[in-house]
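Residue-level listing of the chains:
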Amino acid sequence: MEEKDDEGESVCRPVQPEGLFMRVKKNSIPRCFSTRLLTRFSLSPSFLSQDIRNTVGNIPMEWYQDYPHIGYNLDGKKIFKPIRNKDELDEFLDKMENPDYWRTVHDKTTASDIRLSDEQVDLVHRLQKGQFGDVNFNEYEPSVDFFTNEVMIHPVTNRPQDKRSFIPSLIEKEKVSKLVHAIKMGWIKPRKPKETTPQYYDLWAKEDPNAILGRHKMHVPAPKMRLPGHEESYNPPPEYLLTEEERMAWEQQDAEDRKLPFLPQKHSCLRAVPAFSRFIHERFERCLDLYLCPRQRKMRVNVNPEDLIPKLPKPKDLQPFPTTMSLVYIGHSSLVRSISASPTGQWLVSGSDDCTVRFWEVNTGRCMKTLEVGGAVKSVAWNPNPAVCLVAVESTVLLLNPGLGDRLVVSSTDQLITSYEPPEEDKEQAVTWALSEGPEHDNGHRLTLTHPKAVKQVVWHGKGDYLASVMPDNSSNLQVLIHQVSKRRTQNPFRKNKGLVQCVSFHPLRPYFFVATQRYVRVYNLIKQELTKKLMTNCKWISSMAIHPGGDNLICGSYDCRLAWFDLDLSTKPYKMLRHHKKALRGVAYHKHYPLFASGADDGSVIICHGMVYNDLLQNPLIVPVKVLKGHQITHDLGVLDVTFHPTQPWVFSSGADATIRLFT
């Protein structure tokens, strides 16, 4: 039978009471009802996540107004209300400042504020407009008539109801009885209530496998205390009792250095033993040992120790390199601070604290010439240009012509110095240039450069016309000067002081200038007049520096016993740190032609290393220490003060605090 509902939609009613009810026509749910339904089921976060945190059900939450809790969780424990200290002012400020305030709703069941997501906000907007909750739902779908509109006489089915629909289920009864039996037998246990009381257990439990810490895989049991020996007896053997001298020595020792923390004493009987005065102190120290000393199980890996050593070539395969001391040059009476070889390798110059500069013949060890220079000599440098015979000596910086070797070179050098014509306008310079005359000229003095401060180092450029001098002074920017000999011109390349300069060096091929301060090496481009690199040496105080003849590698020696090798193309940090010396390094040097470098230190030794640099940029340099050369005596805690290689042979010269120069070949 067809009737009209409230909204005028047709609804099929059953003709006979025992027949099946006809289905309500699709999409005929009232809008208001659907809105309420969707609002209820879509906006409740607890419904969406199926996480029913509050089990009180659909009741007025005002009932819980006067209680500290707001409901009960699944375990039946009270859910306490969150502490809400917001008053009207806070609410207003929140409304003004919080950009998400408009989308925040208060959930009464959990008494918490919930921020609606974009999807939930869209859903609310759709429901407010009277649209369907599901975006994809089509309300204008063609309706399917499941039942005809013709009223039938007979019901769809007249089948009588099953017996099982109105008697208790036997299968369910069997299941319940099984569960009851399992609970009685203790196979199924009810959920244990969570214990809120703190648990205490022995932090240093024994190696009991059932203990909480014993079950822990990485647990290391505390070390046992040493058992008492004879010396702790109340009646120790006489050899354990200390004599008066031993007692006095024991009292003067520090507590850490004493073998025993107490004095062994003899008592006639156990009753006469007094209470141990250090008992509480000893227990306290034991507790400190237990909880302050970390105990960690080290996972040992079974590795053959030989596999860990890098595969290095044998020193025999890396020859030639200096191995034996061949000559000792004796003549100076004080520390020999600096040495330098002539570019031909025939002569050697040395400067000493005895205020003299000596010229030696390399092959014979004969002193060819001695010059007095009125002050301790910290640095000497032979001009690397073979066409010029000049030696720079640091005191006030003297340029000497020793008059050794080829006479044509000696005369052409003098001619170069005398042919200078002063410019029409004299510019003011930081250094005064003076031509030597009279007896000084006969001794070999050619030019004197008077500096405002004491000079520590002089170094030539590879072409032989430029000379750099270092005057360490942290308060001034006048620390490094570059002089041009042919034009007698001096310039200060730096405006600012970047730290106490230790040493400088010219790049052998490119127009770069290296300046080493206490911790950094700065590389400057002389043409562009800018800083190109700043190398971090990881040393506390740099003492010396040498540049590889190829120009792409650099070594720095430091007073904290380290030698840093830099690959300038690779990084600004050291490629290798070598700690072969036991004391401060004083000098480092590269060989011009052989893949060798040397370092001299205050332990009196010179270490020769093979340092092969490959043309292939992808291959790292090979650094292998090959020989330790000894011979210098340590004097006043100083050993080897300078090292330099022979320009053509694989020989090394070293000067020491014992006033000698030694040649190793």
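Residues numbered from 1 in each chain as written. Predicted model: local features only at pLDDT ≥ 70, side-chain atom pairs only at ≥ 80, totals over all residues. Heavy atoms only, no water.

Looking at an unreviewed UniProt entry, one finds the protein chain named Ribosome biogenesis protein BOP1, with Oncorhynchus tshawytscha as its source organism. According to its UniProt record, the protein chain has this under Function (unreviewed entry): "Component of the PeBoW complex, which is required for maturation of 28S and 5.8S ribosomal RNAs and formation of the 60S ribosome." Checking UniProt for the protein chain, the heading Sequence similarities (unreviewed entry) contains the comment "Belongs to the WD repeat BOP1/ERB1 family." (UniProt positions renumbered as here; feature names shortened; annotations may be inferred.)

(A) Main features of the overall build of the protein chain. Secondary structure assignment for the protein chain yields 10 helices and 35 strands. Here the protein chain holds 665 residues, and the buried ones make up 33% of them. Considering only contacts within the protein chain whose residues lie at least 6 apart along the sequence, 46% involve residues at least 24 apart. Carbon and sulfur atoms form 54% of the exposed surface of the protein chain, whose accessible area is close to 44,300 Å². (Helix = DSSP H or I, 4+ residues; strand = E, 2+ residues; numbered from the N terminus. Buried < 20%, exposed > 50% of the residue type's maximum accessible area, 1.4 Å probe, protein only. Contact = heavy atoms within 4.5 Å. Areas by Shrake-Rupley, 256 points an atom, 1.4 Å probe, with all protein chains shown as cover.)

(B) Quick peek at a nonpolar patch on the surface. On the surface, a nonpolar cluster with roughly 540 Å² of combined accessible area is contributed by Leu179, Ile183, Met185, Trp187 and Ile188. Note that Leu179 resides in helix H5 (residues 170-185). According to the relative accessible area criterion, Leu179 is partly exposed, its value standing at 47%. (Patch = residues over 30% accessible without salt bridge, like charges linked within 9 Å, V, L, I, M, F, W, Y side chains within 5 Å. Salt bridge = Lys/Arg side-chain N within 4 Å of Asp/Glu carboxyl O.)

(C) Region of interest: the environment of Gly375. Tracing the chain through its elements places Gly375 in the loop between strand E11 (367-372) and strand E12 (380-382). In this structure, the C-alpha to C-alpha distance between Gly375 and Cys355, residues 20 residues apart in sequence, is 4.7 Å.

(D) Structural view of helix H9 (residues 407-418). Along its 12 residues, H9 runs 17 Å from first to last C-alpha, staying within 8% of the 16 Å computed at 1.5 Å per residue. Looking at H9, one finds that the buried residues are Val409, Val410, Thr413 and Ile417. Along the axis of H9, the buried residues cluster in a sector spanning 100 degrees; they form a single face. Exposed positions of H9 whose direction lies more than 90 degrees from the buried face are Arg407, Leu408, Gln415 and Thr418. As for H9, its buried residues are in contact with strand E15 (432-435) and strand E16 (445-450). (Expected span 1.5 Å × (residues − 1). Arc of directions from axis to C-beta.)

(E) Up close: the nonpolar core. Core analysis: the biggest nonpolar cluster contains 19 residues, and Leu390, Leu399, Leu447, Leu449, Val458, Trp460 and Leu467 have the highest contact counts within it. Of all the secondary-structure elements, those providing two or more residues to this core are E16 and strand E17 (457-460). Ranked by size, the runner-up nonpolar core spans 17 residues in total, among them Val357, Val380, Val391 and Val410. (Core = buried A, V, L, I, M, F, W, Y, C linked by side-chain atoms within 4.5 Å.)

(F) Looking closely at the pattern of salt bridges. One pass over the full model with this rule turns up 12 salt bridges. Among the ionic pairs, Glu231 bridges to Arg226, the shortest N-O distance being 3.9 Å. On the basis of relative accessibility, which here comes to 13%, the residue Glu231 falls in the buried class. The salt bridge involving Arg510 is made with Asp552; its shortest N-O contact spans 3.1 Å. Note that Arg510 is positioned in the loop between strand E21 (503-506) and strand E22 (512-516) and Asp552 in the loop between strand E25 (542-547) and strand E26 (553-558), a separation of 42 residues in sequence. Look at Arg510 and you get partly exposed, because its relative accessible area is 36%.

(G) Up close: a negative patch on the surface. Side chains of Glu244, Glu245, Glu246 and Glu251 sit close together on the surface and give a patch of like negative charge. Structurally, the position occupied by Glu251 is in helix H6 (residues 244-252). Classification of Glu251 as partly exposed rests on a relative accessible area of 46%. (Lys, Arg positive; Asp, Glu negative; His and termini not counted. Charge placed at Lys NZ, Arg CZ, Asp CG, Glu CD.)

(H) Representation of the side chain of Ser350. Within the element layout of this structure, Ser350 appears in strand E9 (residues 347-352). Within the structure, the side chain of Ser350 is placed 2.9 Å from the side chain of Trp360, a separation counted as a polar contact. Apart from the residues lying within four places of it in its own chain, the contact partners of Ser350 are His332, Val336, Ser338, Ile339, Thr356, Val357, Arg358, Trp360, Val380 and Ile661. (Polar contact = N/O pair within 3.5 Å; in protein donor to acceptor, adjacent residues only side chain to side chain.)

(I) Expanded view of unusual backbone geometry. Along the chain, Gln319 connects to Pro320 via a cis peptide bond; the corresponding omega equals 5 degrees. Along the chain, Pro320 turns up in the loop between helix H8 (305-308) and strand E7 (325-330). Phi at Cys355 is positive, roughly 65 degrees, even though this residue is not glycine. Among the structural elements, Cys355 can be located in the loop between E9 and strand E10 (356-361). In this model, Ala659 sits at a positive phi of 65 degrees, which is unusual for a non-glycine residue.

(J) Quick peek at the sheet that holds strand E23 (residues 520-525). As summarised here, the arrangement of the four strands in space is E21-E22-E23-E24, forming an open sheet in which the pairing is antiparallel. If you trace the sheet from one side to the other, it starts and ends with E21 and strand E24 (530-536), each paired once. Averaged over all adjacent pairs, the angle separating strand axes in this sheet is 20 degrees, with direction ignored. Pairing analysis gives five bridges linking E22 to E23, with the strands arranged antiparallel. If you follow Phe513 over to E23, its bridge partner there is Tyr524. (Pairing = 2+ DSSP bridges. Axes fitted to C-alpha atoms, helices over the stretch in contact; angles between N-to-C directions.)

(K) Just the confidence of the model for the protein chain, in detail. Put simply, the protein chain has an average pLDDT of 81, and 89% of its residues get 70 or more. Looking over the protein chain, one finds the lowest element-wise mean pLDDT in helix H1 (residues 31-43), namely 39, and the highest in H5, namely 94. Note that pLDDT drops below 50 for residues 1-51; the model gives that stretch 53 contacts with residues more than four away or on any other chain. (pLDDT = per-residue confidence, 0-100.)

(L) Structural context of the environment of His581. One can find His581 in the loop between strand E28 (576-578) and strand E29 (585-590). Linking His581 and Ile607, residues 26 residues apart in sequence, is a C-alpha distance of 8.1 Å. Ignoring anything within four residues of it in the chain, the contact list for His581 reads Cys561, Ser599, Gly600, Ala601, Asp603, Ser605 and Ile607. Within the structure, His581 has its side chain in polar contact with the side chain of Ser599 (distance 2.8 Å). Reaching out from His581, the side chain makes a polar contact with the side chain of Asp603 at a distance of 3.3 Å.

(M) Spotlight on the sheet that holds strand E35 (residues 660-664). Reading across from one edge, E7-E35-E34-E33 is the order of the four strands in this open sheet, with antiparallel pairing throughout. Only two strands of the sheet have a single neighbouring strand rather than two, namely E7 and strand E33 (640-645). Pairwise comparison of adjacent strand axes, ignoring direction, gives a mean angle of 20 degrees for this sheet. With five bridges connecting them, E33 and strand E34 (residues 652-656) associate as antiparallel partners. If you follow Val643 over to E34, its bridge partner there is Ser654.

(N) Structural detail: the packing of aromatic side chains. Applying the stated rule across the entire model yields 12 aromatic pairs. Considering the side-chain rings of Phe506 and Phe513, the 5.0 Å spacing of their centres and the 45 degrees angle between planes classify their relative orientation as tilted. What makes Phe513 buried here is its relative accessible area of 0%. Just above the ring of Trp250 sits the side chain of Arg258; from NZ or CZ to the centre is 4.0 Å. Lys534 extends its terminal NZ or CZ atom over the ring of Tyr520, reaching a point 4.3 Å from the ring centre. (Phe/Tyr/Trp six-rings, centres within 6.5 Å; stacked < 30°, edge-to-face > 60°. Lys NZ or Arg CZ within 6 Å of the ring centre and 35° of its normal.)

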